[in-house]
Each structure stands twice: as C-alpha cells, then as structure tokens.
Amino acid sequence: MSDKRYWIWLQLCLGAGKRFSPIIEYFGSVENVYNSNYLQRKACLLIKDKLLDRMEETDISKADEIIELCKNNDWQIITFEDDEYPKKLKNIYDPPAVLYVSGEMPDVDNMLTLGVVGTRKASPYALNCARVVSKGIARCNGIIVSGGALGVDTASHEGALSANGKTIVVLGCGLACNYLSTNNDLRRKASMSGAVISEYPPDTPATKFTFPLRNRIISGLSDGVYVVEAGDRSGSLITASYAADQSRDLFATPASIFDEGFNGTNRLIEDGAIPVTSIKAIVSHYTQRYKTLDTTGLATIRELLSDEYADKTIPDELEEQLTFENIGEHRQARSEIDRKASMLKGNEKAVFDALSDDFTDTDTICAKSGLSVHIVLMSLTMLELDGLAEAGMGKRYRKKQS
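Residues numbered from 1 in each chain as written. Predicted model: local features only at pLDDT ≥ 70, side-chain atom pairs only at ≥ 80, totals over all residues. Heavy atoms only, no water.

(A) Spatial organisation of the packing of aromatic side chains. On inspection of all chains with the given rule, the structure shows eight aromatic pairs. When the ring of Tyr 26 is compared with that of Phe 27, the centres are 4.9 Å apart and the planes differ by 70°; the resulting orientation is edge-to-face. Clustering of aromatic rings is evident, with ring pairs tying together Trp 7, Phe 20, Phe 80 and Tyr 85. The ring of Phe 80 has Lys 90 lying over it, and the distance from NZ or CZ to the ring centre is 4.9 Å. Of note, Arg 120 hangs over the ring of Phe 211, and the distance from its end group to the ring centre comes to 5.3 Å. (Phe/Tyr/Trp six-rings, centres within 6.5 Å; stacked < 30°, edge-to-face > 60°. Lys NZ or Arg CZ within 6 Å of the ring centre and 35° of its normal.)

Below, the structure written as structure tokens:
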C-alpha cells in the first residue's frame, strides 16, 4: 500500500493528464520526490520552472484535507502504486496518478469493458443504439464505461443498469462537484452497481479543459470504444483518437450519409472502425480473451428492443418508426425540446428534471421533485401543453420524445 499523501501532493503539483513516471524514476519514489529540496528538484531537467514553483507552494496539508473529505464521503482513493489500480489504465502513456472512486471499481482487467461515447444532443436513433447495445453487452457480463453526461452517455449507463450490469462513470470534474445535478440519480445508481470515478481532486469544477482529458481514461479503461454518434467536430472523436493511440478496438454506428450528425462515425468506419450491427459484432472479438463473458446472454437487436419497449409500456400511437429519412426531423424536434427545457423555472423545471425517457408513475415524480401530487399534476399538464412531456397508460409520464 502506497502513502496516498505523497501521490495526492504530486497530483496537485502536476495537474491532470501530466506524465509523472519519468520524475518518479529520477528520484526513486514518490516519497523521495516530496522529500527532495529545491536544488535537487531544480537539478532535474524534467521539472520545469512552473512545476518547480508549484512544488514549493503546495503544502501536503492539502492532501490531508482531501483524504479526510474522501473518508467522510466514503470515497476510495486509488493511487498508481495500489493493487486496485486497473492494469489496463496503468499501461497507457499518461495514466492518472490518483483515482477518486465512489462505489466499487469493477474488475476491468478480467472483464470485457466497452467505452461508449457520443454527442450530448443525440438523435433518438443514437440514443436507442447506445441504450440497446450497452444493455446487450451488460447481459453478457461486460462493463460499460462512459462520461455521465446527457445524451449518449446517459443512455449507455441506463442501458447497462437496466440489465443489472456494471457501469463506470468517468467524470470531467471532482466527485464533490454538482455538475449536471439532473444526473445525480444516475450517478447514485452507478455507484451502487459499479463506480463513479475521477482523476480530479473532489472540489475541482467542470471546465471546457477537464472533459477532453478525462476521455483518455474512458478509452484507457476499455478494450474497445464504441462511438455512437459524432459529427465532424464532435468531442467523441477525441476519445476515438485516444483509443487508436492506446491500441484499443474502435466500433461505430453505421448511419445515414445524408445526416451530417453522423459524418464523424461514418468516416471512422471508412477508416477501419468495426460497424456495430449486432451485439455479437462486439462480443465476438473478446470471447477467447475473457472467460468471464457469458455468451448465453447474447440477444439480437430486435429481442433487446422488444424487451426495452415491453418495460416501458409505451402506447403504439406514441412510437413513430425512426428511419434514415426522418432522422433529420427528429433531430430538429429534439433541439426545440432542449431549447424549451432550458427556459423552465420553478415547479415545472423540478417536475421536468424528475422525468426520464422511460414512463414514470406520479408517486415517483413527486418523490424526485419533492412536490405534492396536486402541484405535480398541474406542472405535468403545462409540460404536456408545451410539448415537453407526454402521458402513457396508468398515469405514467415521460419526457417528450422527438
């Protein structure tokens, strides 16, 4: 067991995404790095002036505060030297010095682990692909890794959880950060069946710089990365690039050549990514590698969809067949829904945030929103009129599907 104080101190000095192994090799251990003096550090050509200043300014008491905060919240701290640190992640070019973990890190080294990424403003087609494929992988005892954001990330985590599978949420912020509070319930469920992890100290806020760095962890933990939907400049292509650099398998969803939202994924397939047309298209690559794979759980896409919709109790009239021809219309409708949702306030926002893509009964909506039945029903009526919610059978409601 390593001394976590020194690893956390070094992480605070270096920042996320920086290579630490050459510095540790130079000094012999992370403890020696901390105990070295100014002149010894300056003599190391690997330590530039800015890092030298941070080492002088960063007190180890900050590490002690982080350890205490994690202890109070029942968060694990896994350092690079700990036995629990995943070997898959350890072997990438720039592994994190420290991982902060809510839940229990699954045994990724002995199980098929699939990273699933895609746009936040995903088409219904992409959301269905992410959810159904993730569910299919989880049924075969595979692990789903994604970033916990809205859109494809959420759909993939929910798909794994719906099959009672394991999932790992890799955050682009600290565990104590309240980023995407609407997904707190998802983070809680993921912690119970898998783990929510971050390389960032707990109080680190989310920024436009933190998310690209976390993508290397998603691919680093994975045997392969499945890019569900990506346009020309999608951030998901960053993860695909990391996957290629880390010699991970790359999978992508075949989609319409007329939809610019899939230009990135179609190009990945042109460049050699494996097109995902079935669960077997992914699982077959790993049956010899992992004895933990349960191929008796293999299901066809049609079977998984039937199961999916049976659980939702969706009236036929609410489900329009999604095709390549109308996917553009669905995307426009989704954008309009997102625009209206961003303007919600008060009770209607609380009720909308309590809804999901699955039909939910009013008691659950009341519990999630903290509002009375009377207020919830009034708010649901207003949301229906605004085209943001829709009713199913038995007084069950869900977010409006585009």
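(B) The arrangement of the pattern of salt bridges in detail. This structure, assessed with the given rule, holds 16 salt bridges. A salt bridge links Asp 94 to Arg 216, with the nearest nitrogen and oxygen atoms 3.5 Å apart. In this pair, Asp 94 sits in the loop between α7 (87–90) and β2 (98–103) while Arg 216 sits in helix α11 (residues 210–220), placing the two residues 122 residues apart along the sequence. Like Asp 94, the residue Arg 216 is buried in the burial classification. By sharing partners, the salt bridges in this structure join Asp 185, Arg 188, Lys 189 and Lys 368 into a single network. (Salt bridge = Lys/Arg side-chain N within 4 Å of Asp/Glu carboxyl O. Helix = DSSP H or I, 4+ residues; strand = E, 2+ residues; numbered from the N terminus. Buried < 20%, exposed > 50% of the residue type's maximum accessible area, 1.4 Å probe, protein only.)

(C) View of the packing of helix α18 (residues 362–369) against helix α19 (residues 373–385). Interaxial distance between α18 and α19 falls to 10 Å at its minimum, and their mutual angle equals 105°. When the interaxial angle is binned, α18 and α19 end up roughly perpendicular. Taking contact as the criterion, the partners of Thr 362, Ile 365, Cys 366 and Ser 369 in α18 are, on α19, Val 373, Val 376, Leu 377 and Leu 380. Split into classes, the residues belonging to the contact of α18 with α19 amount to six nonpolar, two polar and no charged. (Axes fitted to C-alpha atoms, helices over the stretch in contact; angles between N-to-C directions. Parallel < 35°, antiparallel > 145°, perpendicular 65-115°, else oblique. Contact = heavy atoms within 4.5 Å. Nonpolar A, V, L, I, M, F, W, Y, C, P; charged D, E, K, R; others polar.)

(D) The arrangement of the sheet that holds strand β6 (residues 195–198) in detail. If you trace the nine strands from one edge of the open sheet to the other, you get β1-β2-β6-β5-β4-β3-β7-β8-β9, paired in mixed fashion. Looking along the sheet, the strands with just one partner apiece sit at the ends: β1 (76–79) and β9 (274–275). Sheet analysis places β1 next to β2, joined by four bridges and oriented antiparallel. Bridging across to β2, Thr 79 finds its partner in Val 98. Together, β3 (113–117), β7 (224–227) and β8 (249–252) form the strand contacts of helix α12 (residues 236–245), whose direction differs from that of β7 by roughly 155°. (Pairing = 2+ DSSP bridges.)

(E) Spatial organisation of the side chain of Thr 265. Examined against the element boundaries, Thr 265 turns out to sit in helix α13 (residues 263–270). At 3.0 Å, the side chain of Thr 265 forms a polar contact with the backbone oxygen of Phe 262. Filtering out sequence-adjacent residues up to four positions away, Thr 265 remains in contact with Val 227, Val 228, Glu 229, Ala 230, Ala 252 and Thr 253. (Polar contact = N/O pair within 3.5 Å; in protein donor to acceptor, adjacent residues only side chain to side chain.)

(F) Just the state of the cysteines, in detail. The final tally for this structure, using the stated rule, is zero disulfides. In this structure Cys 44 is a free cysteine whose sulfur lies 13 Å from that of Cys 13, the closest cysteine sulfur available. (Disulfide = S-S within 2.5 Å.)

(G) Seen up close, the packing of helix α17 (residues 346–354) against α19. At a closest axis distance of 9 Å, the pairing of α17 and α19 adopts a crossing angle of 85°. Put simply, α17 runs roughly perpendicular to α19. Contacts between α17 and α19 involve Asn 347, Glu 348, Val 351 and Phe 352 from the first element and Ile 375, Val 376, Ser 379, Leu 380, Met 382 and Leu 383 from the second. A per-class count over the contact of α17 with α19 returns seven nonpolar, two polar and one charged.

(H) Seen up close, the sheet that holds strand β12 (residues 396–399). Spatial ordering of the open sheet is given by β10-β12-β11, a layout of three strands whose pairing is antiparallel. In this open sheet, the two edge strands, each paired with only one partner strand, are β10 (360–361) and β11 (389–391). Of the pairings in the sheet, the one linking β11 to β12 comprises three bridges and is antiparallel in character. Residue Glu 390 lies in a different strand from β12, and its bridge partner there is Arg 398.

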